[in-house]
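# Coordinates in review
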Amino acid sequence: MTTIPVITRPGAAKALWPASAANDSPTFITRTFETLTKAVDEALELERDLSHALSWDPASTDIQVAAEAKWQDCLSLSGEIFTAPPASASDQPLQRMSMLLHFLIEATGPEEARRFQQLYFENQELFSVEDAVRRPLMQAAARQMNALLELSLAAEAQNFLPI
């Protein structure tokens, strides 16, 4: 009787399971959320560049257009996240945070932005994650939430400067 040799190493069989099968594996929501945090960082950097640009300089127009396009990318990514079906319970805090970031990006003033930040702090248990893959993403998003509030406060202060 002949035996068929097994040529697959034992650890390689784990990679054959779908990404949603393991708790720490990145899901569509996790991957998209990571892309969202990178996009928000880029948009915030463009806003910082814009705040240092001279309004009469034609080069600042390009920065403004790029910033607006990046914010639209952020809104699109956050929309994809909170409309996607969660593959695991760990995806739900990411969906909530993407919704919060979406609302902060669209906030019409610092009072509205403060209210969203307050909702985050009042409901920390809804935004907590335990795994090592998602925790840094949530920490980055929390930092971005604070940066968006600061951006909103700076924009309001800019409106009250004497001309």
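Residues numbered from 1 in each chain as written. Predicted model: local features only at pLDDT ≥ 70, side-chain atom pairs only at ≥ 80, totals over all residues. Heavy atoms only, no water.

Turning next to the overall build of the protein chain. When helices and strands are counted, the protein chain shows 5 helices and 0 strands. In sequence order, the secondary structure elements of the protein chain are arranged as α-α-α-α-α. Within the protein chain, counting contacts between residues at least 6 apart in sequence, those at least 24 apart form 75% of the total. (Helix = DSSP H or I, 4+ residues; strand = E, 2+ residues; numbered from the N terminus. Contact = heavy atoms within 4.5 Å.)

In the structure shown here, the tally under the stated rule is 3 aromatic pairs. Through pairs of rings, three or more aromatic residues link up here, namely Tyr 120, Phe 121 and Phe 127. (Phe/Tyr/Trp six-rings, centres within 6.5 Å; stacked < 30°, edge-to-face > 60°.)

For the structure shown, the criterion picks out 9 salt bridges. Note that Arg 134 is salt-bridged to Asp 91, the shortest N-O span being 3.6 Å. Here Asp 91 lies in helix α3 (residues 91–105) and Arg 134 lies in helix α5 (residues 134–159), a separation of 43 residues in the sequence. Residue classification places Asp 91 among the buried positions, given a relative accessible area of 0%. With a shortest N-O distance of 3.2 Å, Asp 131 and Arg 134 are connected by a salt bridge. (Salt bridge = Lys/Arg side-chain N within 4 Å of Asp/Glu carboxyl O. Buried < 20%, exposed > 50% of the residue type's maximum accessible area, 1.4 Å probe, protein only.)

What follows concerns helix α4 (residues 110–122). Working note: α-helix, 3.6 residues per turn, so residues spaced by three or four point in the same direction. In a regular helix each residue adds 1.5 Å, so 13 residues correspond to 18 Å; α4 covers 18 Å between its end C-alpha atoms and thus fits that length. Restricting attention to buried positions, one finds in α4 the residues Pro 110, Ala 113, Phe 116, Gln 117 and Tyr 120. An end-on view of α4 places all buried positions within 125° of arc, on one side of the element. (Expected span 1.5 Å × (residues − 1). Arc of directions from axis to C-beta.)

This part is about the environment of Glu 130. Turning to its location among the elements, Glu 130 is positioned in the loop between α4 and α5. The spatial distance from the C-alpha of Glu 130 to the C-alpha of Ser 90 is 8.0 Å, given a sequence separation of 40 residues.

All right, on to the side chain of Gln 95 then. Along the chain, Gln 95 falls in helix α3. Among the polar contacts made by the side chain of Gln 95, one reaches the main-chain carbonyl oxygen of Ala 84 at a distance of 2.6 Å. Those residues within four positions of Gln 95 in sequence are excluded, and the remaining contacts are Ile 29, Ile 81, Phe 82, Ala 84 and Pro 86. (Polar contact = N/O pair within 3.5 Å; in protein donor to acceptor, adjacent residues only side chain to side chain.)

Turning next to the environment of Phe 82. Looking at the element boundaries, Phe 82 is found in helix α2 (residues 59–83). Considered as a pair, Phe 82 and Ser 98 are 16 residues apart in the sequence and their alpha carbons are 6.7 Å apart. Sequence-distant contacts of Phe 82, that is, excluding residues within four places in its chain, are made with Gln 95, Ser 98, Met 99 and His 102.

Looking at soluble globular proteins, one finds that nonpolar side chains tend to be buried together. In terms of nonpolar packing, the biggest core is built from 32 residues, with Phe 33, Leu 36, Cys 74, Met 97 and Leu 100 touching the most fellow members. Elements with a minimum of two residues in this core: α1 (28–52), α2, α3, α4 and α5. Top contributing element to this core by residue count: α5, with 8 residues. Those residues within four positions of Leu 100 in sequence are excluded, and the remaining contacts are Phe 116, Tyr 120, Phe 127 and Met 145. (Core = buried A, V, L, I, M, F, W, Y, C linked by side-chain atoms within 4.5 Å.)

Mapped onto the elements, Val 40 comes out in helix α1. Distance in space between the C-alpha atoms of Val 40 and Cys 74 is 6.2 Å, their sequence separation being 34 residues.

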